[in-house]
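Residues per chain, in single letters:
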Amino acid sequence: MAKPFRRVTRPDADAVTLCLAETDGATSGEVKLADGRLFSTTGVLPIAQAFGIAVHVANESGREIVVIDPHNLWKPSWGTLSA
């Protein structure tokens, strides 16, 4: 069973942060990673691309994926999103 994703309200320096948004009626995503005290970002991407990058980076680095989802765009088919 896949590990649940965790909902957060701000980027987590120890995790891969996936930020969900809605752009032109479609769900989009942005991946943020900490580099010391600064965060780098992919910029806004289609959700499938952002989700794929987040999963790949998390798998390669052994980090957890956390999700910022202020508009409740998360779909259950993507996995479990816990508080």
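Computed from a predicted model, the values in this text were never measured in an experiment. Numbering of residues begins from 1 in every chain and follows the order in which that chain's sequence is written. This being a predicted model, a pLDDT of at least 70 is required before a residue's local features are given, and a value of 80 or more before pairs of side-chain atoms are given or counted; all residues contribute to the totals for chains, interfaces and linings. Working from all heavy atoms in the structure, the side-chain values ignore hydrogens and water.

Asks: Any details on the pattern of salt bridges? Residues and values, ideally.
Replies: Each reported salt bridge corresponds to a side-chain nitrogen of Lys or Arg within 4 Å of a carboxyl oxygen of Asp or Glu. Across all of its chains, the model carries three salt bridges by this definition. As a salt-bridge pair, Asp-12 and Arg-6 come within 3.0 Å of each other at their nearest N and O atoms. Here Arg-7 makes a salt bridge to Asp-69, at a shortest N to O gap of 3.9 Å. Taken together, the positions of Arg-7 in strand 1 (residues 5–7) and Asp-69 in the loop between strand 6 (65–68) and strand 7 (81–82) put the pair 62 residues apart, joining distant regions of the chain. Buried residues are those whose accessible area, probed at 1.4 Å on protein chains only, stays under 20% of the maximum for their type, while exposed residues exceed 50% and partly exposed ones sit between those limits. Given the relative accessible area of 33%, Arg-7 is considered partly exposed. Look at Asp-69 and you get buried, because its relative accessible area is 3%. One salt-bridge network, held together by shared partners, links Arg-6, Asp-12 and Glu-64. Put simply, DSSP H or I for four residues or longer makes a helix, DSSP E for two residues or longer makes a strand, and each gets a number counted from the N terminus.

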